[in-house]
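Coordinate analysis (summary)
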Amino acid sequence: MSILHGKITAEQLTKFILYGEWLIFSTWWIGDGLSSLMQSVGASEKVFQLMDSLPSDQFLAQGKHIWQFLRLKLPKLRGHIEFVNVSFHYPSRATVPVLKNLNVSVHPNEVVAIVGLSGSGKSTLVNLLLRLYEPTSGQILIDGLPLKDLNIKWLRQRVGYVGQEPRLFRMDVSSNIRYGCVRRITQEDVEWAAKQAYAHDFILSLPNGYQTIVDDDLLSGGQKQRIAIARAVLRDPNILILDEATSALDAESEHNVKGVLRAVRNDRKTQRAVIIIAHRLSTIQAADRIVVMDGGQIVEMGDHIELLTKNGMYARLTKRQADAVA
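Values in this document were obtained by computation on a predicted structure and should not be read as measured data. (Residues numbered from 1 in each chain as written. Predicted model: local features only at pLDDT ≥ 70, side-chain atom pairs only at ≥ 80, totals over all residues. Heavy atoms only, no water.)

Before going further, it helps to examine the pairing of strand β7 (residues 239–243). Counting buried residues in β7 gives 5 out of 5 residues, a clear majority hidden from the surface. Alternating residues of β7 divide into I239, I241 and D243 and L240 and L242, and every residue in both groups is buried. In this structure, β7 lies alongside strand β8 (residues 273–277), joined through 5 bridges in parallel fashion. Considered in β8, the bridge of L242 is made with I276. (Buried < 20%, exposed > 50% of the residue type's maximum accessible area, 1.4 Å probe, protein only. Helix = DSSP H or I, 4+ residues; strand = E, 2+ residues; numbered from the N terminus. Pairing = 2+ DSSP bridges.)

Strands sit in the order β2-β1-β4-β5 across an open sheet of 4 strands; the sheet is antiparallel. For this open sheet the edge positions go to β2 (99–106) and β5 (145–146), each flanked by a neighbour on one side alone. Looking at chain direction, strand β1 (residues 81–88) and β2 are connected through 5 bridges and run antiparallel. For F88, the partnering residue across the bridge sits in β2 and is L99. Across the sheet, helix α3 (residues 122–129) touches β1, β2 and β4 (137–142), and the angle it forms with β1 is around 115 degrees. (Contact = heavy atoms within 4.5 Å. Axes fitted to C-alpha atoms, helices over the stretch in contact; angles between N-to-C directions.)

Moving on, we come to the environment of Q223. If you trace the backbone, Q223 turns up in helix α8 (residues 221–234). C-alpha of Q223 to C-alpha of A199: the two residues are 24 residues apart in sequence and 7.1 Å apart in space. Excluding its chain neighbours within four sequence positions, the residues that come into contact with Q223 are F202 and L218.

Looking now at a nonpolar patch on the surface. Together, I3, L13, F16 and I17 make up a nonpolar patch on the protein surface, roughly 390 Å² of accessible area in all. Examined against the element boundaries, I17 turns out to sit in helix α1 (residues 10–52). Given the relative accessible area of 48%, I17 is considered partly exposed. (Patch = residues over 30% accessible without salt bridge, like charges linked within 9 Å, V, L, I, M, F, W, Y side chains within 5 Å. Areas by Shrake-Rupley, 256 points an atom, 1.4 Å probe, with all protein chains shown as cover. Salt bridge = Lys/Arg side-chain N within 4 Å of Asp/Glu carboxyl O.)

Across the sheet, 6 strands lie side by side as β6-β7-β8-β3-β9-β10; this open sheet has mixed pairing. Looking at strand neighbours, the two that pair on one side only are β6 (159–162) and β10 (297–302), the edges of this open sheet. Taken pair by pair, the neighbouring strands of this sheet meet at an average axis angle of 15 degrees, ignoring direction. When strand β9 (residues 289–294) meets β10, the two strands line up antiparallel, connected through 5 bridges. Residue pairing for β10: V291 is matched across the bridge by M301.

The full count for this structure, using the stated rule, is 4 salt bridges. Taking the shortest distance from any N to any O, the salt bridge between R289 and E110 comes out at 3.0 Å. With R289 in strand β9 and E110 in the loop between β2 and β3 (111–116), this pair connects stretches of sequence that are 179 residues apart.

Grouped together as the largest cluster of nonpolar side chains are 41 residues, with contacts concentrated most on I177, I203, I276, I284, I290 and Y314. The dominant element in this core, judged by the number of residues it contributes, is α8, at 7 residues. One finds V106, I114, L150 and A273 within the second-largest nonpolar core, a separate group that totals 32 residues. (Core = buried A, V, L, I, M, F, W, Y, C linked by side-chain atoms within 4.5 Å.)

The next subject is the layout of surface pockets. Approximately 460 Å³ is the volume attributed to the largest pocket. Forming the walls of the largest pocket are 18 residues, and the residues nearest its centre are Y161, V162, Y179, R231 and R235. Mapped by element, the contributors of at least two residues to the lining of the largest pocket are β6 and α8. The element best represented in the lining of the largest pocket is β6, accounting for 4 residues. The residue makeup of the lining of the largest pocket, split by class, is 10 nonpolar, 3 polar and 5 charged. (1 Å grid on protein atoms, 1.4 Å probe; cavity = no way out; pocket = protein on both sides within 12 Å on 5 of 7 lines; lining within 4 Å. Points joined across faces, edges and corners; volume = space filled by probe spheres on them. Nonpolar A, V, L, I, M, F, W, Y, C, P; charged D, E, K, R; others polar.)

Right under this line is the structure:
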């Protein structure tokens, strides 16, 4: 109407519409940016709290002196692990014991499997060994020395851990395998570790081989687990922990990975203690020793044949899995 009456021109109307559109979009972006800014402020508060927090007793000077002693006396960790009368409860559940006076040892070049129902304390045992928690009572010995006296950084550099849900990063496959290795690594070393974990063949089938960028939808669960196992093998740890690390593997891949475990006993150059936690009992039949836990205590111990002969809890678990498959 203003144009028809000659009050404004078509050019002025077009300018007004464009300016109004730009103003609306700019205002919308400001609101969106302010929302993102407030989210960042909230997240940064947690970061600053972590930065201001004091280091744990595990990283204080006491362990460093012991570590210097170890460099002189034990340049190579043997991997002899002993749990001596270990009991534990979580701080938030002081009245619910998770482990009760547990005694078990793992010798170098020995594969020990820990099995049991959910909530029996299997993963808690590993968390104590990694010193993510401290025992309520008792102690853990590594090569005869108390775990609490060892330098935690020095120890964790010699421990390889593979969990049920391995963490892979958005970088190439080769870098994912190298991650966490402090020594100099060549591409040949990476491929050797991948072959040990039976991951080499499927890695070569990826679009760019070892240089393929890992994406969320690129790899299956079993392939991620094999890359994580290769990462642990590459570190050449003296203690190797597999916490449900073969749960997503198919039958053939699981059979191949078990060959890696059998090779541990035949490797005279490297002394390595291997601890396996598994619900799939087919994974641990070749273990040197199987520890059966229930209610935070050890109820049975022996190899696969011995435990089947006892016709106890392990035999019942094996029968249930066999019935479920049938």
